[in-house]
Each structure stands twice: as C-alpha cells, then as structure tokens.
Amino acid sequence: MAAYGAKGHGSVVVDDPILLQGLPQQRPLKLMEYLEGTWLGEGVCEYPPHVPRFQYIQELIIEKAVPHSPKELHWSFRSVARHKDTNEGLHSEWGFLRFQPSAIDHGRLELTCTASNGLCEIDEGTFTEDSFDVWTRYGGLTRPQSSSRPYVTEVRRWCELRPQNTPITMEYRVEMATERSCMQPHLFSRLRKSES
C-alpha cells in the first residue's frame, strides 16, 4: 500500500516529496472555480427585424457534470430567461462545457447546447482564466423539422468574468446569424454570482 501523499507513476510508487514536485499535476481551472454556481441578473434581447428590443431576467446554473474528474473536465449548465416586466418564461437551454487545457488556465472549449425551441448547437473555441469565446463551426447546428423560419445558421457565445468584483460579476453575450440576416448581437446579460 502506498504511503500517505504517495503517487503511482506507472508501476512505481513515488513518495519522495522532491520527486513529487516533478510529476505533472492537473491544476484546477481558475475559470471554473469562478463560473461554478448560480448566477442571477438582467439582460437585453433584440434581433432586428425579427425580434424587437426587450429586457429579461436570467438565472444561469453551472455545476460539475457526470462524469467529472481531473481527466474529464465536464460541467453542465442550464439557463432560464423571463420577461422583466411580466415574469413570463421566454427561453430555456441546457448544455455541457468540455475543457481541454493546453497551458495553465488556457485551452480549447467545446460547448453543447439544446434550447427549448429544438435548436441544438455544438460550439468550439477557447478559454482563459476569466473568459471564453465559442462559436458554431463545421455545421454545428441542427433543428427539428417543425422549426420555424428563419433558421439560425451560426451562433457565437462570449463570457467575461470580473473576479475582482464582490460578488463576482459576468458579462454574457450571444451573437446570431440566420438564413436572412448576417451575424449580429442577440443577447447581452450582466449577471452576479449568488452568495447562497
């Protein structure tokens, strides 16, 4: 049995603290230390000429997905938007974030998202310690036959955190293109991390 603090490296158990310093270690992702939790706030939606400008309130919950391990850096998210004035439910989506670090707090990010209107997207991009930027690529959108036109053809999502703020704040943006319009801003939210 290995000693306390010992690590197996191949078939050799290393328990020397000096040697342990030389073994590669998976460091926690700073971005996810900030992102994991419940976020609440307000935003603005518009998509001329199809969607007139209106304000909404948003709840975004990010938590570890199953499986989750140092080798499988997977998180799930779910988001609900309600009309600010009427509290009517407007939109909900559910998805997953998969991280592939390439350096400390930097790397590739894959985001999958399914919305209540049936749109399914696969986005790829990059992350840093306080942001991510992903977009649909390689035909990363699909939808059911019952979807109404105009069809969404491309999506881009940005997230920027302000960890120095108390509570931590987030700016979240979504741009979208359809078969009738080029890429343009669609959603902009300012969220704060819930303390509870």
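Let me begin by describing the structure that accompanies this report. (Residues numbered from 1 in each chain as written. Predicted model: local features only at pLDDT ≥ 70, side-chain atom pairs only at ≥ 80, totals over all residues. Heavy atoms only, no water.)

1. Section: the packing of aromatic side chains
For the coordinates displayed, the defined rule picks out 2 aromatic pairs. Linked through ring pairs, Trp75, Phe99 and Phe127 together constitute an aromatic cluster. (Phe/Tyr/Trp six-rings, centres within 6.5 Å; stacked < 30°, edge-to-face > 60°.)

2. Looking at the pattern of salt bridges
The final tally for this structure, using the stated rule, is 16 salt bridges. Residue Glu42 pairs with Lys84 through a salt bridge whose shortest N-O separation is 3.1 Å. Pair noted here: Glu42 is in strand 3 (residues 37-47) and Lys84 is in the loop between strand 5 (74-83) and strand 6 (89-103), with a separation of 42 residues, a long-range link. Given a relative accessible area of 34%, Lys84 falls into the partly exposed group. Between Glu124 and Arg108 there is a salt bridge; the shortest N-O distance is 2.8 Å. With a gap of 16 residues between them, Glu124 in strand 8 (residues 120-128) and Arg108 in strand 7 (residues 106-115) connect regions that are remote in the sequence. Glu124 sits in the buried class, given a relative accessible area of 17%. Residue Arg108 is classed as partly exposed on the basis of its relative accessible area, which comes to 39%. Each of Glu160, Arg162, Glu171, Arg173 and Arg190 takes part in a single network of salt bridges with overlapping partners. (Salt bridge = Lys/Arg side-chain N within 4 Å of Asp/Glu carboxyl O. Helix = DSSP H or I, 4+ residues; strand = E, 2+ residues; numbered from the N terminus. Buried < 20%, exposed > 50% of the residue type's maximum accessible area, 1.4 Å probe, protein only.)

3. Focus: unusual backbone geometry
The step from Val66 to Pro67 runs through a cis peptide bond, and the omega angle for that step is 5 degrees. Structurally, Pro67 is set in the loop between strand 4 (51-64) and strand 5. The linkage connecting Thr166 with the following residue, Pro167, adopts the cis geometry, with an omega of -5 degrees. Here Pro167 shows up in the loop between strand 10 (152-162) and strand 11 (169-178). Its identity is not glycine, yet Asn87 carries a phi of approximately 65 degrees, on the positive side. Mapped onto the secondary structure, Asn87 falls in the loop between strand 5 and strand 6. At Asp105, a position not held by glycine, the phi torsion is positive, near 60 degrees. Relative to the helices and strands, Asp105 resides in the loop between strand 6 and strand 7.

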